[in-house]
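Structural description and commentary
If you want the building blocks of each chain, they are given just below.
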Amino acid sequence: MTETLSAEFVAANLASTDEASHGAAAAVENVIYSNPLPHVLILTAIVVGVATTAVGLALAVRIREAYGTIEEDELEAADHVAEFGEAAPLPTADTSGAA
Amino acid sequence: MTFTEQLPVLPIITPLLLAPITILLPKGRAAWAWATLVSWLVFFFCASLLVAVYHHDGPISYALGDWMAPLGIEYRIDLANGLLLFLISGMGALVFPYAYHSINAEIDERQTPMFYAALLLCMTGLLGVTITGDAFNVFVFFEIASLSTYALVALGARQDRRALTAAFNYLVMGTIGATFFVIGVGLLYQATGTLNMEDLRVELTSLDNRMVQSGFAFIFVGMGLKLAMFPLHLWLPGAYAYAPSAVSAFVAATSTKVALYVLIRFFYTIFHAAYGIDFGSLYTILQYVLMPLAVAGMFVASLVAVFQDCVKRMLAYSSVGQIGYMLLGLSLGTTSGLTATMVHMFNHALMKGALFMAVGCVVLRLGGHTVSQFRGLFFRMPITATAFLVAGLSLVGVPLTVGFVSKWTLLQGTFEAGYWPASFLIVASSLIAVVYVGRIIEIMIRKPETPAPAVSEAPLSMLVPMILLVVANLYFGLQTDLTVDTARGAADALFVVSEGAH
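Residues numbered from 1 in each chain as written. Chains lettered and ligands numbered in written order. Predicted model: local features only at pLDDT ≥ 70, side-chain atom pairs only at ≥ 80, totals over all residues. Heavy atoms only, no water.

As for the overall build of chain B
On a plain count of helices and strands, chain B comes out with 20 helices and 2 strands. With respect to the principal axes defined by its C-alpha atoms, chain B has extents near 70 × 55 × 40 Å. Going through the 502 residues of chain B one by one, you find that 63% of them count as buried. Nonlocal contacts in chain B, meaning residues at least 24 apart in sequence, comprise 80% of its contacts between residues at least 6 apart. As displayed, chain B has an accessible area near 17,200 Å², and 68% of this comes from carbon and sulfur atoms. Taking the 23 positively charged and 25 negatively charged side chains of chain B as two groups, their mean positions are separated by 17 Å. (Helix = DSSP H or I, 4+ residues; strand = E, 2+ residues; numbered from the N terminus. Buried < 20%, exposed > 50% of the residue type's maximum accessible area, 1.4 Å probe, protein only. Contact = heavy atoms within 4.5 Å. Areas by Shrake-Rupley, 256 points an atom, 1.4 Å probe, with all protein chains shown as cover. Lys, Arg positive; Asp, Glu negative; His and termini not counted. Charge placed at Lys NZ, Arg CZ, Asp CG, Glu CD.)

Written as structure tokens, this is what we have:
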């Protein structure tokens, strides 16, 4: 991630500034700097993650308002009922009937 | 600083900068009119861009901010891009006028400005994914589009609260897909040191090590989830069924096609060169991984669609099946297979867009989208029923419609590649499509025994886009030169670019 700049590149850039730094240019041989691109990639991924988390949490709030719960199994049960209707009640065990 | 010089960036910055203004406008017609004008402007830009690409020798390259590639972000438009840009902006230009009455009935009036802004941002994201020539830029724009889509799908909660759980599922699964994709891009960056697609192609030439292979695997799975490749399609039925009708129409026509385009771009522009001119390992993957998944998607999804009571859910499963067709064309690994995929990308958008718009009209007038609402529809809403009929026949693949053109080019591809069983399977799954489309058509035609209360047709702003799409179905089914030749040119360009690396 760190790279070095050549002395000529540094000298050329420093030479365009004020005269006093001319002497300093000769003393600089290699400057180590960080490649900004990995920083950019990770920062973008962090920001996208934050935004996605925000949308997800907003959806969780709305689910709580609409369903009254945020438990996955209760949500699935409610959706199942909405899709297929209430299950017919099981026949009650009739212990006094003919067996 | 002429118009044509800056044209590549205009379809992106125009909706991106003008979308926030939509939120500031008062609710009602103002927000809708502004959003519609922006979408028409973007369509004009994309149409000009397609014409420019036709006349330009080779792809158009644009350096964003005048920072030259490979360090700067590059927008790179060739025929494959151009056709898809035209499609996305065209669908946007049709859905925005359509959305006014549909959305007013389906979501809260105070939310409509934010709806139009979110739809504009979704369109921006999809256009950005298509136009960019930088691998990480794809991730950024895809997340812009996906976050907008999650919010748009959740807006259907006023009609059916299952939209919220569907949107949450879509969010989790979509984020997994995007994360896998960005991990893959990160691995490629680590292997080569560049993010620009052209530069990746050059750097990856004959560079085949574990890092590149895992990058490829991550990108394949990540994009496969985004394009609803079987068995990663589980988010799609819920998201399409419970979203507002206009959102279903737009997203069904565009978002999976864009993910498929990204996969094609990575296969042919970046990885084709990496795996050498014999294409040994890439073709093995295509043949033994992608083709079985494509065929499984075609059959399983179509079979599930037959048993759905909710028409939108049926169309969603049908979409998964149609994506199977596109992946089958891609998995052949030949120019004609890739042509078939690109033709079907365009044509399927026309078909599904028209179908979802017809269902939206039914939802507006009849309040629901189950099969019972379609009973006797020919006698109650004849224009909508005819549109559904024509688009449904197009989905089956009846001659004179675009569906037939897609199936024909796909069969050409499988015959040329020598995959006779695949040709048989294409025809067999089309027969399943006959069942689930024919079921609705039969119910629409049958006159109801008890006379149902008369309903008027949908308003004109909803009928006109739907009729335009249906006419496009028939027009591009008869006049195939535009789509097939563009697709063939795009496929040839993709193959030549990848082989030219050697």
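On we go from here.
Looking at the overall build of chain A
Each helix and strand counted, chain A has 4 helices and 2 strands in total. N-terminal to C-terminal, the α/β element order of chain A is β-α-α-β-α-α. Across the 99 residues that make up chain A, the buried fraction comes to 15%. Counting contacts in chain A only where the partners sit at least 6 residues apart, residues at least 24 apart contribute 53% of the total. Carbon and sulfur atoms form 63% of the exposed surface of chain A, whose accessible area is close to 7,300 Å².

Thoughts on the packing of helix α4 (residues 79-106) of chain B against helix α14 (residues 335-366) of chain B
Residues and elements named next belong to chain B. Their axes nearest at 11 Å, the elements α4 and α14 cross at an angle of 5°. Viewed along their axes, α4 and α14 adopt a mutual orientation that is roughly parallel. In terms of residue class, the contact of α4 with α14 is built from 19 nonpolar, 4 polar and 1 charged. (Axes fitted to C-alpha atoms, helices over the stretch in contact; angles between N-to-C directions. Parallel < 35°, antiparallel > 145°, perpendicular 65-115°, else oblique. Nonpolar A, V, L, I, M, F, W, Y, C, P; charged D, E, K, R; others polar.)

Some points on the pattern of salt bridges
All names here are of chain B. Inspection of the entire model under this criterion finds 12 salt bridges over all chains. Residues R265 and D78 are paired through a salt bridge, measuring 2.9 Å at the closest nitrogen-oxygen approach. Taken together, the residues span a long stretch of sequence, with R265 in helix α11 (residues 245-274) and D78 in the loop between β2 (74-77) and α4 at a distance of 187 residues. Given the relative accessible area of 8%, R265 is considered buried. One salt bridge in this structure joins R110 and D108, with 2.7 Å as the shortest N-O distance. (Salt bridge = Lys/Arg side-chain N within 4 Å of Asp/Glu carboxyl O.)

Overview of a negative patch on the surface
On the surface, a cluster of negative charge is contributed by E71, E72, D73, E74 and E76 of chain A. Here E76 of chain A is to be found in helix α4 (residues 72-84). (Patch = residues over 30% accessible without salt bridge, like charges linked within 9 Å, V, L, I, M, F, W, Y side chains within 5 Å.)

Description of the confidence of the model for chain A
All names here are of chain A. Residues at a pLDDT of 70 or more form 63% of chain A, whose mean pLDDT is 75. Here helix α2 (residues 22-27) stands out as the element of chain A with the lowest mean pLDDT, 48, in contrast to helix α3 (residues 36-67), whose mean of 94 is the highest. Residue range residues 14-26 is modelled with pLDDT below 50. Its contacts to residues more than four positions away, or to other chains, number 4 contacts. (pLDDT = per-residue confidence, 0-100.)

Here's the deal with the interface of chain A and chain B
Listed as interface residues are 21 residues of chain A and, on the opposing side, 20 residues of chain B. Interface area for chain A against chain B, summed over the two sides, is near 1,900 Å², with a carbon-plus-sulfur share of 74%. Contact with chain B buries surface across chain A, with L41, T52 and L59 of chain A losing the most and accounting together for 27% of the total. Here chain A and chain B share 2 salt bridges between them. Between R313 of chain B and E83 of chain A there is a salt bridge, and its shortest N-O distance comes to 3.9 Å. On the surface where chain A and chain B come into contact, there are 5 residue pairs in polar contact (both at pLDDT 80 or more). Those elements that provide at least two residues to the side of chain A that touches chain B are α3 and α4 of chain A. (Buried area = accessible area lost by both parts, 1.4 Å probe. Polar contact = N/O pair within 3.5 Å; in protein donor to acceptor, adjacent residues only side chain to side chain.)

As for unusual backbone geometry
Excluding glycine, residues mostly have negative phi values, and the peptide bonds linking residues are mostly trans. All names here are of chain B. With an omega of 0°, the peptide bond between F230 and P231 qualifies as cis. Non-glycine residue A228 carries a positive phi angle of around 60°. Relative to the helices and strands, A228 is located in the loop between α9 (210-226) and α10 (235-242). Its relative accessible area of 0% is what places A228 among the buried residues. The phi dihedral of L400 falls on the positive side, at around 85°, and the residue is not glycine. Here L400 is to be found in the loop between α16 (382-396) and α17 (402-417).

Regarding a nonpolar patch on the surface
A grouping of I42, L43, I46 and V50 of chain A is seen on the molecular surface, where their side chains present a nonpolar patch of about 400 Å² in accessible area. For I42 of chain A, the position within the fold is in helix α3.

Side note on the nonpolar core
Within the largest apolar cluster, 199 residues are counted, with the highest numbers of intra-cluster contacts made by F115, Y116, F250, F266 and L330 of chain B. Sequence-distant contacts of Y116 of chain B, defined by excluding residues within four places in its chain, comprise T22, A31, W32, A35, F96, A99, Y100 and I103 of chain B. (Core = buried A, V, L, I, M, F, W, Y, C linked by side-chain atoms within 4.5 Å.)

Quick look at the packing of α17 of chain B against helix α18 (residues 420-445) of chain B
Residues and elements named next belong to chain B. At a minimum axis separation of 8 Å, α17 and α18 run at an interaxial angle of 160°. Classified by the angle between their axes, α17 and α18 sit roughly antiparallel to one another. Crossing hand, α17 versus α18: right-handed. Between α17, through K407, L410, L411, T414 and F415, and α18, the contact on the second element is made entirely by W420, A422, S423, I426, V427 and S430. Each residue belonging to the contact of α17 with α18 can be placed in one class, and the counts come to 7 nonpolar, 3 polar and 1 charged. (Left-handed = near helix turned anticlockwise from the far one by under 90°.)

Description of the confidence of the model for chain B
Across chain B, the average pLDDT comes to 90, with 97% of residues at 70 or higher. Mean pLDDT across the elements of chain B bottoms out in helix α20 (residues 481-499) of chain B (81) and peaks in helix α5 (residues 112-131) of chain B (96).

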